[in-house]
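Observations on the model geometry
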Amino acid sequence: PPLASAIPVPPAPIVPTDPVSAFAAAANPGQEGTVTLEGGIVERARLARVYQAASGRECREVILGSGVAERARVACRQADGSFTAARPLLRGAAR
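Residues numbered from 1 in each chain as written. Predicted model: local features only at pLDDT ≥ 70, side-chain atom pairs only at ≥ 80, totals over all residues. Heavy atoms only, no water.

Side note on the overall build of the protein
Across its full length, the protein carries 1 helix and 5 strands. Listed N to C, the secondary structure of the protein is α-β-β-β-β-β in terms of helices and strands. The burial tally for the protein puts 27% of its 95 residues in the buried class. Contacts in the protein between residues at least 24 apart in sequence constitute 23% of all its contacts with a sequence separation of at least 6. A total accessible area of about 6,400 Å² is found for the protein, and carbon and sulfur atoms account for 58% of it. (Helix = DSSP H or I, 4+ residues; strand = E, 2+ residues; numbered from the N terminus. Buried < 20%, exposed > 50% of the residue type's maximum accessible area, 1.4 Å probe, protein only. Contact = heavy atoms within 4.5 Å. Areas by Shrake-Rupley, 256 points an atom, 1.4 Å probe, with all protein chains shown as cover.)

Looking at the side chain of Glu61
Relative to the helices and strands, Glu61 resides in strand β3 (residues 58-64). Within the local environment of Glu61, its side chain forms a polar contact with the side chain of Arg49, the two groups lying 2.8 Å apart. (Polar contact = N/O pair within 3.5 Å; in protein donor to acceptor, adjacent residues only side chain to side chain.)

A short note on the side chain of Ser82
By the element assignment, Ser82 lies in the loop between β4 (71-77) and β5 (83-86). Polar contacts involving the side chain of Ser82 include one to the side chain of Asp80, which spans 2.6 Å.

Let's talk about the environment of Arg73
When you line up the elements, Arg73 lands in strand β4. By relative accessible area, Arg73 is classed as partly exposed at 27%. Excluding residues within four positions of it along the chain, Arg73 makes contact with Asp18, Val20, Arg60, Glu61, Val62, Leu64 and Ala85.

Considerations on the nonpolar core
Most often, soluble globular proteins have nonpolar side chains that are buried together. Ranked by size, the top nonpolar core spans 12 residues in total: Val20, Phe23, Ala24, Ala27, Val35, Leu37, Ala45, Leu47, Val62, Leu64, Ala75 and Phe83. For this core, the elements supplying multiple residues, two or more each, are α1 (19-26), β2 (42-52) and β3. Apart from the residues within four sequence positions on either side, Phe23 is in contact with Gln31, Glu32, Gly33, Val35, Ala45, Arg46, Leu47 and Val62. (Core = buried A, V, L, I, M, F, W, Y, C linked by side-chain atoms within 4.5 Å.)

Concerning the pairing of β2
Pairing of strand β1 (residues 32-36) with β2 involves 5 bridges; the strand directions are antiparallel. What sits directly across from Gly33, in β2, is Ala45. What sits between β1 and β2 in their antiparallel hairpin is a turn of 5 residues, with Gly39 showing a positive phi close to 85°. Summarising the sheet, β2 and β3 pair through 7 bridges and their orientation is antiparallel. (Pairing = 2+ DSSP bridges.)

Some points on the pattern of salt bridges
A full pass over the atoms with the stated rule returns 7 salt bridges. The residue Arg46 makes a salt bridge to Glu70 at a minimum N-O spacing of 4.0 Å. Placement of Arg46 in strand β2 and of Glu70 in the loop between β3 and β4 is noted, with a sequence separation of 24 residues between them. Residue Glu70 is classed as partly exposed on the basis of its relative accessible area of 24%. Across the pair Glu58 and Arg77 runs a salt bridge, and its minimum N-O distance is 3.3 Å. Residue Glu58 is found in strand β3, and its partner Arg77 is found in strand β4; the two are separated by 19 residues along the sequence. The exposure class of Glu58 is buried, given its relative accessible area of 18%. (Salt bridge = Lys/Arg side-chain N within 4 Å of Asp/Glu carboxyl O.)

Dropping the structure here:
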C-alpha cells in the first residue's frame, strides 16, 4: 500500500537560556515575576515596555530589582523567533 503523505510538524519553540530573555519572551507589558540569575540570585522582574528597534526587531525592556537598585535589561527577537539579550541604548527611558 502507498505511504500516507507526511504531515508537516511545526518546529519546537526555541526556549531562551538567559532567564531575563525567557521572562521577556513570555510576559505581557506590566507583568511582574521573578527570575533566577547567575549565582542563584532571585530578582524581581517587570516587563516595562515592548517596542520596535530602529533595526525593525521587536525589543522588550525588563526592569530588574526595585527602588534604587532597579536596572534595565533589554531582549530583542531574533530571526528564528527567539529572544536574546541586547544592549539598552537609552538608560531609564521607560521610567
